[in-house]
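What follows is the residue order along each chain.
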Amino acid sequence: MLEKLFKLKQNQTSLKQEAVAGLTTFMTMAYIIFVNPMMLADAGMDHGAVFVATCLAAAVGCIVMGLMANYPIALAPGMGLNAFFTYTVVGEMGYSWETALGAVFLSGICFLILSLVRIREWIVNSIPMSLRIGIAAGIGLFLALIGLKSAGIVVASPVTLVTLGDITAFPAVMAVLGFFLIIAMVQRGMKSAVILSILIITALGLMFGDVQYQGIVSMPPSIMPTFLKMDLSQVFEVTMLSVVFAFLFVDLFDTSGTLVAVAQRGGFLDEKGRLPRLNRALTADSLATIAGAAFGTSTTTSYIESTAGVSAGGRTGLTAVVVGLLFIAALFLSPLAGMIPAYATAGTLFYVAILMMSGLVHVEWEDLTEAAPVVVVCILMPLTFSIATGIAFGMISYAAIKLLTGRFSDLNVGIVVLAALFVAKFIYG
């Protein structure tokens, strides 16, 4: 049955090889089961229910990707998208988390339609490569700021807006130590560096009495506080449509970038540099987002950590299925997830920021019309504490700069229309 489903011999792999690859991928991305509930709890959501929703959304996404597209690509609620959900849609814009879930659900439906009717390429190609890189880097800086804030390293100041906190305080020291541990372990080739760092810092919190022991294994908490709680009554308002677009936009490019990166690492691209079964992979991704919203979590997307599994020998969808089964097993670790303090994940957020900013090396810095919009995105995203605002100003600045410098040929209908819509949004609210 496995041979028929995943074509193991054709892909020169085995059950053992795929299982090891799946375990490797899971260990590199399992931090999300600790980070996501903590972040969405800031939006007022039930921590235990979000923990279950995170595991189930990841499990469904991985298994559907494995069975439908037969790629070793794992999915889970995305970093950056959960921050946008909590701190922009709920925190800044004032919507309820139920309405935010409704926006995630609708964005998944839109993503599914775009995947089925094959117009994704037009949308992706309408956004300049420099802006795609800038958006990823900006989200990375945004996550870094959230991590620094949660650890008390960066605090508010009435004089300078932000300033250095008490770096000798226990949370700050632990966050810095966690970050250093991740870097050291990753550099030494340890696949489970991130999750090990979170567990070590939590253990230190227990030793010093800052964390209360709650156990390791138990039956999963109830998912009912978030299950099918998405509110669609406001998602068609003008303001919320921009939120839906932001969820869709970030997921679309995050998924596209991840698919290409994993495909290049695994040698899955055809002779023309295209990914076979691309629409199946995108459809699986969109279905995972829809399911995740129903369970009660922010957008589910493909994870770049899948490259770790591919490097370990993963070649088929069986790798993704193994990851999905491991997320189901993780449902019984809810007491451990509840013990994880915010400072234990702060170093993780900073590490993820490094990964997301690495693409800046590909920006054409000598061309100011390309570089300037990237800097606009990277600076405004964290400083306005809004991913959507950073994207908006990045597109507006790109279109305006190209027009004013006479570089009309660099523009296309898509970027001009998007920039105009964002300008209208700022003018008319």
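Please read all numbers here as calculations on a predicted model, not as lab measurements.

Trainee: Even after reading the chapter, I still don't get the overall build of the protein, so can you show me in this structure?
Mentor: Tallying secondary structure elements over the protein gives 19 helices and four strands in all. Expressed along its principal axes, the backbone C-alpha trace of the protein runs to roughly 60 × 60 × 45 Å. By the burial criterion, 56% of the 429 residues in the protein qualify as buried. Taking contacts inside the protein between residues at least 6 apart in sequence as the whole, the part at least 24 apart equals 80%. As displayed, the protein offers around 17800 Å² of accessible surface, 68% of which is attributable to carbon and sulfur atoms.

Trainee: Would you take a moment to explain the nonpolar core for this structure?
Mentor: Proteins that are soluble and globular tend to have nonpolar side chains buried together. In terms of nonpolar packing, the biggest core is built from 106 residues, with M79, F85, L143, F247, F327, I391 and M395 touching the most fellow members. The element best represented in this core is helix α4 (residues 47-69), accounting for nine residues. Once residues within four sequence positions are removed from consideration, F247 is found in contact with L81, F84, F85, V89, A100, A103, V104, S107 and T299. Membership of the second largest hydrophobic core comes to 19 residues, among which are Y71, L75, V262 and A284.

Trainee: Quick question: what am I supposed to make of the environment of S409 here?
Mentor: With respect to the secondary-structure elements, S409 resides in the loop between α18 (387-404) and α19 (413-428). Classification of S409 by relative accessible area gives exposed; the value is 71%.

Trainee: Looking at this structure, I do not really get the packing of helix α9 (residues 170-187) against helix α10 (residues 193-207). What am I missing?
Mentor: How two helices pack is summed up by the angle between their axes together with the distance between the axes. Close contact between α9 and α10 brings their axes to 9 Å; oriented N to C, the two are set at 150 degrees. One way to sum up the angle between α9 and α10 is to call them roughly antiparallel. The crossing of α9 and α10 is right-handed. Across from F170, M174, L177, G178, L181, I182, M185 and V186 in α9, the residues of α10 making contact are A193, V194, L196, S197, I200, I201, L204 and G205. Taken together, the residues of the contact of α9 with α10 break down into 13 nonpolar, three polar and no charged.

Trainee: Explanation requested: the side chain of D285 in the structure shown.
Mentor: Mapped onto the fold, D285 is located in helix α12 (residues 278-295). The exposure class of D285 is buried, given its relative accessible area of 0%. Excluding residues within four positions of it along the chain, D285 makes contact with L75, F111, D251, T255, T300, T301 and S302.

Trainee: Would you take a moment to explain the pairing of strand β3 (residues 161-164) for this structure?
Mentor: Put simply, side chains in a regular strand alternate between the two faces of the sheet. As defined by bridge partners, strand β2 (residues 154-157) adjoins β3 across four bridges and the pair is classed as antiparallel. Bridged to S157 within β3 is L161. Between β2 and β3, which pair antiparallel in sequence order, lie three residues.

Trainee: Is there a simple way to think about the packing of aromatic side chains in this case?
Mentor: Any aromatic ring pair is given by two values, namely how distant the centres are and how the planes are angled relative to each other. The final tally for this structure, using the stated rule, is ten aromatic pairs. When the centroid spacing of 5.0 Å and the interplanar angle of 80 degrees are considered together, the rings of F26 and F327 count as edge-to-face. On the criterion of sequence distance, the pair formed by F26 in helix α2 (residues 15-29) and F327 in helix α14 (residues 317-329) is long-range, its members being 301 residues apart. For the pair formed by F26 and F327, the shared burial category is buried.

About the cut-offs
- Residues numbered from 1 in each chain as written.
- Predicted model: local features only at pLDDT ≥ 70, side-chain atom pairs only at ≥ 80, totals over all residues.
- Heavy atoms only, no water.
- Helix = DSSP H or I, 4+ residues; strand = E, 2+ residues; numbered from the N terminus.
- Buried < 20%, exposed > 50% of the residue type's maximum accessible area, 1.4 Å probe, protein only.
- Contact = heavy atoms within 4.5 Å.
- Areas by Shrake-Rupley, 256 points an atom, 1.4 Å probe, with all protein chains shown as cover.
- Core = buried A, V, L, I, M, F, W, Y, C linked by side-chain atoms within 4.5 Å.
- Axes fitted to C-alpha atoms, helices over the stretch in contact; angles between N-to-C directions.
- Parallel < 35°, antiparallel > 145°, perpendicular 65-115°, else oblique.
- Left-handed = near helix turned anticlockwise from the far one by under 90°.
- Nonpolar A, V, L, I, M, F, W, Y, C, P; charged D, E, K, R; others polar.
- Pairing = 2+ DSSP bridges.
- Phe/Tyr/Trp six-rings, centres within 6.5 Å; stacked < 30°, edge-to-face > 60°.

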